[in-house]
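# Structure assessment
Each chain is listed here by its residues.
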Amino acid sequence: MKLGSAKYISMNGQVVPYDQGHVHVMSPAFRYGAVAFEGIRFYWSEKRQDMLVFRLREHLERMMVTMKLMRFDTDLTVERMEQATLDLIRRNELRETGHIRLFAYVDGNGDQWSNGPIGWCVTTLPMPRRPMVSKGVKVGISSWQRISDNVMPPRAKVAANYNNGRMAGTQGKLDGYDNVLLLTNHGYISESPGSCFFMIRKGVPVTPAVTDSILESITRETVMQLLRESFGLQTVERNIDRTEVYCADEAFFCGSGQEVVPIVSVDHHPLGEGIGKITRALQDRYFVIVSGEADDHEEWLTPVYKG
Ligand code: PMP
């Protein structure tokens, strides 16, 4: 990601120069990681000569859930966040694939229990598709355990939670993996630090349940729907054992930023014959939809310039 390449940022509903995106070090946001956030992709459509935001509403609705769980005292609405996001893309005159980051945070200088004032901001920056989408990734099972609902709920997309993934991810890189899978406190497969996990076994897609310490991912929902509609495959949501993954015919990660990323090995066990057929077909379908080239799922796309 080319950080700092946008002209503007949106702070508390006002568009300001990018360099003015400051939060005070004494804010609970800085001191305790009291920050709710979302990561959303937008795509430039050559065909429509427009920018399309993918599943914007669903992301904003999840942001409302995170703020509720965090007991943020705010009158922020989906509509205000939507307006600020679309305005900012227009002001930055973006015409390439990119990424929106939306934050709401405990500002001021209150104590650990303060629920406000709530500041909020939006960034829109270019972010091309990542090479791992075509190459696939080598994955290791982390010795770090995934946070759980009664510790730090993974369902809430809160910045502080991401230190769990950071411990696992940095260790995984040192150990020579591209990415890691974390296990739940019950020893089942959970997710990676920034994406959800699917495997295909004997033609059946399987993914951890929403009670397996995962973020309730919007891409996971999208993928389940596409597998059903386009390939007649019903995904089973259930606990997954570690060694089931070693035996998978195919596996992939999915998330808004990462999109659909094939997994080629887990703990050095190669999966199937390399990148699987279902994974490739699903990627093709996903990319056609997000870039506005499909005839269906218009409801998932928010046009920016011609909306
Ligand atoms: N899990 C975690 C921990 C994530 O950070 C993300 C990325 N937001 C995902 C899963 C995928 O979620 P989504 O499909 O909604 O982007």
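It should be emphasised that the depicted structure is a prediction, and the values quoted were computed from it without experimental measurement.

Rules used in this analysis
Residues numbered from 1 in each chain as written. Predicted model: local features only at pLDDT ≥ 70, side-chain atom pairs only at ≥ 80, totals over all residues. Heavy atoms only, no water. Buried < 20%, exposed > 50% of the residue type's maximum accessible area, 1.4 Å probe, protein only. Helix = DSSP H or I, 4+ residues; strand = E, 2+ residues; numbered from the N terminus. Pairing = 2+ DSSP bridges. Right-handed = clockwise from strand over helix to strand, strands pointing away. Contact = heavy atoms within 4.5 Å. Expected span 1.5 Å × (residues − 1). Arc of directions from axis to C-beta. 1 Å grid on protein atoms, 1.4 Å probe; cavity = no way out; pocket = protein on both sides within 12 Å on 5 of 7 lines; lining within 4 Å. Points joined across faces, edges and corners; volume = space filled by probe spheres on them. Nonpolar A, V, L, I, M, F, W, Y, C, P; charged D, E, K, R; others polar. Axes fitted to C-alpha atoms, helices over the stretch in contact; angles between N-to-C directions. Parallel < 35°, antiparallel > 145°, perpendicular 65-115°, else oblique.

Buried residues dominate strand 8 (residues 179-183), accounting for 5 of its 5 residues. A two-sided burial pattern is seen for strand 8, the buried positions comprising Asn 179, Leu 181 and Leu 183 on one face and Val 180 and Leu 182 on the other. Here strand 7 (residues 137-145) pairs with strand 8 via 4 bridges, running parallel. Bridge pairing in strand 8 links Val 139 to Asn 179. The β-α-β motif built from strand 7, the intervening helix 5 (residues 162-174) and the parallel element strand 8 has right-handed crossover chirality.

A few words now on the side chain of Arg 55. Take Arg 55: it is sitting in the loop between strand 4 (50-54) and helix 2 (56-69). Note on Arg 55: relative accessible area 10%, which makes it buried. With residues near it in sequence (within four places) discarded, Arg 55 still touches Ile 218, Glu 221, Thr 222 and Trp 300.

Here helix 2 spans 20 Å end to end across 14 residues, near enough to the 20 Å set by a 1.5 Å rise per residue. When we look at burial in helix 2, the residues that qualify are Leu 56, His 59, Leu 60, Arg 62, Met 63, Thr 66 and Met 67. Down the axis, helix 2 shows its buried residues gathered within 160° of arc, on one side only. Contact partners of the buried residues in helix 2: strand 3 (35-45), strand 4, helix 3 (78-91), strand 5 (98-106), helix 6 (218-231) and strand 15 (301-303).

With that settled, consider unusual backbone geometry. The omega torsion across Gly 116 and Pro 117 is 0°, close enough to zero to call that bond cis. As for its position among the elements, Pro 117 is in the loop between strand 5 and strand 6 (118-126). Of note, Arg 71 is a non-glycine position whose phi angle comes to about 55°, a positive value. As for its position among the elements, Arg 71 is in the loop between helix 2 and helix 3. Taking relative accessible area as the criterion, Arg 71 reaches 65% and is therefore assigned exposed. Despite not being glycine, Lys 202 has its phi angle at roughly 50°, a positive value.

Glancing now at empty space enclosed by the protein. Empty space among the atoms can be located by rolling a probe the size of a water molecule over them. Tallied over the entire structure, the rule returns 1 cavity of 30 Å³ or more. A volume near 40 Å³ is recorded for the largest cavity. As for the largest cavity, its lining consists of Ile 40, Arg 41, Tyr 43, Phe 54, His 59, Ser 256 and Tyr 286. Top element by residues in the lining of the largest cavity is strand 3. It accounts for 3 residues. Taken together, the residues of the lining of the largest cavity sort by class into 4 nonpolar, 2 polar and 1 charged.

Right, let's talk about the packing of helix 6 against helix 8 (residues 277-290) for a bit. Their axes nearest at 10 Å, the elements helix 6 and helix 8 cross at an angle of 110°. If you check the angle between helix 6 and helix 8, you find them roughly perpendicular. Across from Thr 219, Thr 222, Val 223, Leu 226, Leu 227, Glu 229, Ser 230 and Phe 231 in helix 6, the residues of helix 8 making contact are Ile 278, Ala 281, Leu 282, Arg 285, Tyr 286 and Ile 289. Class assignment of the residues belonging to the contact of helix 6 with helix 8 gives a composition of 9 nonpolar, 3 polar and 2 charged.

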